[in-house]
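Structural overview for review
Chain by chain, the residues run as shown.
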Amino acid sequence: MHRYLLVFGNTPQLSHLELTTVLSRFQLDPIITNLSERVVLVETIKRISLEKTQEELGGTVKIGAAVGELNSITVEGLLPYLEQLLTKDHKNTFGLSIFAKRPLSFPFCRELKSQLSAQGFSVRFVAKDQEVASVVIRKEKAIDLILVPFEGKWIVGVTMIAQDFEEWSNRDYGRPHADSKRGMLPLKIARMMLNIAVGSRNFSDVSIFDPFCGMGTIVSEAVLLGASAAGIDIDKASVLKAQQNLSWLTKRYGLKTAVYELRIGDALKSHEVVKSGPFDCIVTEPFLGPPVNVGQRVTEDEIDGVFRKLFDLYIGAFKNWQNVLKDEAVVMIIFPHMKYFGEKSDRFVKNIIDSCEKLGYTLETEPIIYAREQAFIQRNICIFKFKKN
């Protein structure tokens, strides 16, 4: 068996679901064991293609080989692993990613470095945080030892590949139009949602529709992955920006055979606007409500009014989408979760889910909340399966 450690980013629940889906698509039939909230052990009979897997996944920040176990973390226990990884030909940069509540003490790290120096290794120890970031691994070619406590022992791994932070950043902020101030859907979340929605199928066999496409983030990622895609938005300026973003993407990646459609139109009249279809998947982030500034006071009456308008928008859209979806299609959509109105938000989402059930949409998993710190409006990600009557 081949044994790997995979480390998730800031959305472990969504990342886990994405990983399971992608490994199934790769026909690897893995055994996945949760070691901590952010680290899983993956065991496969066939070897995992590290570059292909890391490139495909939006939520996994690094992949390592599981190389051993320790009863406890000691300098003497770690030395044999590091001696195999370091070289005496040049200076080595290395670090320890500790997935435990307590970081290793500074004296411990200093002693480890001292012992390595005494054996003739020139070393620089990266010890700013408990975890060696992917940017450090890639930029400084740092050796990263992964240490995870599990069932009374420590699983030891060595990072083999880390997420290409520059590629993700260039694709996000290098495109002609990107506006983080508008709360635009993060690129990695879009990638995870697409991977989950498509499931075990190949992207080349799937058609994807985003009826609230904005500047085209989801459509762009879908096209990059090989799917045919369509997007509409009621805002003309956003659609023009989406068209420019897609033109930039297809040129940058040489996607000469990319199939996509972008149009101006209302999601509640999707069947009248979009020319392609029917679709295998809808993946979308609709309007989540008016922006709220930090410190801004929002009353319960105002929130109730927002929820009523959003409910009508979402249910109206779900009704219309019956006309553009294939039987057994997947709908992956984001609903708002108001951080300081948790009970109202939960009831709002439950009412939507109950109403969708009556329209032929069945919730596949419990909603997954994704949020950045201090965000007033959080993202509540839901997955539905559509069944035609």
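1. Focus on helix α9 (residues 236–252)
- Taking 1.5 Å as the rise per residue, α9 with 17 residues should run 24 Å; its terminal C-alpha atoms sit 24 Å apart, in good agreement.
- Those residues of α9 not exposed but buried are Ser238, Val239, Ala242, Asn245, Leu246, Leu249 and Thr250. Looking straight down α9, one finds that the buried residues subtend no more than 130 degrees of arc, so they occupy a single side. Residues of α9 that are exposed and point over 90 degrees away from its buried face: Lys236 and Lys251.

2. As for the environment of Lys385
- Inspection of the secondary structure assignment puts Lys385 in strand β16 (residues 377–386).
- Judged by its relative accessible area of 24%, Lys385 falls in the partly exposed class.
- Once the C-alpha coordinates of Lys385 and Pro290 are considered, the two residues, 95 residues apart in sequence, prove to be 29 Å apart.
- Lys385 has contacts with Glu328, Ala329, Val330, Gly360, Tyr361, Thr362 and Glu364, leaving out every residue within four places of it along the chain.

3. Description of the environment of Ser200
- Mapped onto the secondary structure, Ser200 falls in the loop between α7 (187–198) and β9 (207–210).
- For the pair formed by Ser200 and Ile234, sequence separation is 34 residues and the distance between their alpha carbons is 32 Å.
- Excluding residues within four positions of it along the chain, Ser200 makes contact with Thr21, Ser24 and Arg25.

4. Considering the layout of surface pockets
- Considered as a void within the structure, the second largest pocket measures approximately 350 Å³ in volume.
- If you trace the second largest pocket, you find 16 residues lining it, with Glu55, Glu56, Glu167, Arg171 and Arg191 closest to the centre.
- Looking at the lining of the second largest pocket, the elements with two or more residues in it are α2 (50–56), β8 (153–162) and α6 (165–173).
- Per element, the largest residue contribution to the lining of the second largest pocket is four residues, and it comes from α2.
- Considering only residue class, the lining of the second largest pocket consists of six nonpolar, two polar and eight charged.

5. Here's the deal with the packing of helix α1 (residues 12–25) against α7
- It is at 9 Å that the axes of α1 and α7 come closest, and there the two elements cross at 50 degrees. Between α1 and α7, the interaxial angle falls into the category oblique. In the crossing of α1 with α7, the sense of the turn from one axis to the other is left-handed. Mapping the contact onto sequence places Leu14, Ser15, Leu17, Glu18, Thr21, Val22 and Arg25 in α1 and Ile189, Arg191, Met192, Asn195, Ile196 and Val198 in α7.
- The residue inventory of the contact of α1 with α7, partitioned by class, reads seven nonpolar, three polar and three charged.

6. What to know about the sheet that holds strand β1 (residues 2–8)
- In spatial order, the strands read β2-β3-β1-β4-β8-β7-β5-β6; together these eight strands make up an open sheet with mixed pairing. In the strand order of this sheet, the two ends are held by β2 (31–34) and β6 (123–126), each with one partner. With direction set aside, neighbouring strand axes in the sheet form an average angle of 30 degrees.
- In the sheet, strand β7 (residues 143–150) pairs with β8 via six bridges, with the strands oriented antiparallel. Each bridged residue has a counterpart across the sheet, and for Ile146 the counterpart in β8 is Gly157.

Reading guide: rules and limits
Residues numbered from 1 in each chain as written. Predicted model: local features only at pLDDT ≥ 70, side-chain atom pairs only at ≥ 80, totals over all residues. Heavy atoms only, no water. Helix = DSSP H or I, 4+ residues; strand = E, 2+ residues; numbered from the N terminus. Expected span 1.5 Å × (residues − 1). Buried < 20%, exposed > 50% of the residue type's maximum accessible area, 1.4 Å probe, protein only. Arc of directions from axis to C-beta. Contact = heavy atoms within 4.5 Å. 1 Å grid on protein atoms, 1.4 Å probe; cavity = no way out; pocket = protein on both sides within 12 Å on 5 of 7 lines; lining within 4 Å. Points joined across faces, edges and corners; volume = space filled by probe spheres on them. Nonpolar A, V, L, I, M, F, W, Y, C, P; charged D, E, K, R; others polar. Axes fitted to C-alpha atoms, helices over the stretch in contact; angles between N-to-C directions. Parallel < 35°, antiparallel > 145°, perpendicular 65-115°, else oblique. Left-handed = near helix turned anticlockwise from the far one by under 90°. Pairing = 2+ DSSP bridges.

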